[in-house]
Number of protein chains: 2
Amino acid sequence: MKVKGRIWLEHNDQIILGVGRVRLLEQILIDGSINSACKSLKMSYKKAWKLIDSMNEVSDKPLVEKISGGKGGGGTQVTDFGKEMILKFRTAETNTKQFFESESGKLN
Amino acid sequence: MKVKGRIWLEHNDQIILGVGRVRLLEQILIDGSINSACKSLKMSYKKAWKLIDSMNEVSDKPLVEKISGGKGGGGTQVTDFGKEMILKFRTAETNTKQFFESESGKLN
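Definitions and limits used
Per-chain numbering applies: the sequence of each chain, read as written, is numbered from 1 onward. Chains carry letters from A onward and ligands carry numbers from 1 onward, assigned in written order. Residue-level local features of this predicted model are given only where pLDDT is at least 70; pairs of side-chain atoms are given and counted only at 80 or more, and the full residue set underlies all totals for whole chains, interfaces and linings. Each residue gets a C-beta atom placed from its backbone, and two residues are in contact if those atoms lie within 7 Å. Numbering goes from the N terminus for both helices and strands, where a helix is a DSSP run of H or I of at least four residues and a strand is a run of E of at least two. In the scheme used here, Gly and all other residues not listed as nonpolar or charged are polar, with Ala, Val, Leu, Ile, Met, Phe, Trp, Tyr, Cys and Pro taken as nonpolar and Asp, Glu, Lys and Arg as charged. When DSSP finds two or more bridges between a pair of strands, those strands are recorded as paired. Whenever a helix is involved, its axis is fitted only over the stretch in contact; in every case the axis is a line through C-alpha atoms, and angles between N-to-C directions fall within 0 to 180 degrees.

**Student:** If you had to explain the interface of chain B and chain A to someone new, which residues and values would you point to?
**Tutor:** At the junction of the two partners, chain B supplies 18 residues and chain A supplies 18 residues. The set of elements that each furnish at least two residues to the side of chain B that touches chain A consists of β1 (2-11) and α4 (80-107) of chain B. It is β1 of chain B that provides the largest number of residues to the side of chain B that touches chain A, a total of ten residues. Across the side of chain B that touches chain A, the residue classes tally to eight nonpolar, four polar and six charged. By the bridge criterion, nine bridges tie strand β1 (residues 2-11) of chain A to β1 of chain B in an arrangement that is antiparallel. By the bridge assignment, lysine 2 of chain A is partnered in β1 of chain B with glutamate 10 of chain B.

Have a look at this one:
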């Protein structure tokens, strides 16, 4: 028997980041654009923006922001705060997995 | 910012108990029958049996069993093993809540 679970981060009692949103942010960082991230994740552009708008709205600071100009002629990027949030989520997730292993040991 | 989450118990990589199933078992214990528990939880009888069949199937031992005869002319009851599983779930849940509080403290 094992204890399993799923975590998310809340701000003001609202979900700011869950595993789906984190995967999207990570994929934007890997692929360099929301468009490419959507293709990689087989997610619609509309759905991606819905998730991004939602996390930006819950948060005091944006996790993703539009940038204008630059080499690629603008686009969107994950902010430093967004990167920090990904790290916080993944750290909490790793710690939780270890905790679940220890709880699972108590079950049997 | 807070770490929140949801837990469940797995046996052979299949979910045996989550919060919905535990609530159903607890309500059967409180109300004394599946029928009454369904009314309390506003759950259909069909749905309740689907959940019960599913947990019994995943488990090596039944969590709910049919009893024949007796004062009430038979019925169904949560087994001792089922009661043990409720306790294990609720204990793991309480421990997890404490763990999430401590993880939340690390976020800020």
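**Student:** Kindly report on the sheet that holds β1 of chain A, identifying the contributing residues and their values.
**Tutor:** With antiparallel pairing, the four strands of this open sheet are ordered in space as β2(A)-β1(A)-β1(B)-β2(B). Among the strands making up the open sheet, the edge pair consists of β2 (14-17) of chain A together with β2 (14-17) of chain B. Averaged over all pairs of adjacent strands, the angle between strand axes in this sheet comes to 60°, irrespective of strand direction. The sheet strands contacting helix α4 (residues 80-107) of chain A are β1 and β2 of chain A together with β1 of chain B, and the helix crosses β1 of chain A at an angle near 150°. Across the sheet, helix α3 (residues 45-58) of chain B is in contact with β1 and β2 of chain B; its angle to β2 of chain B comes to roughly 115°.

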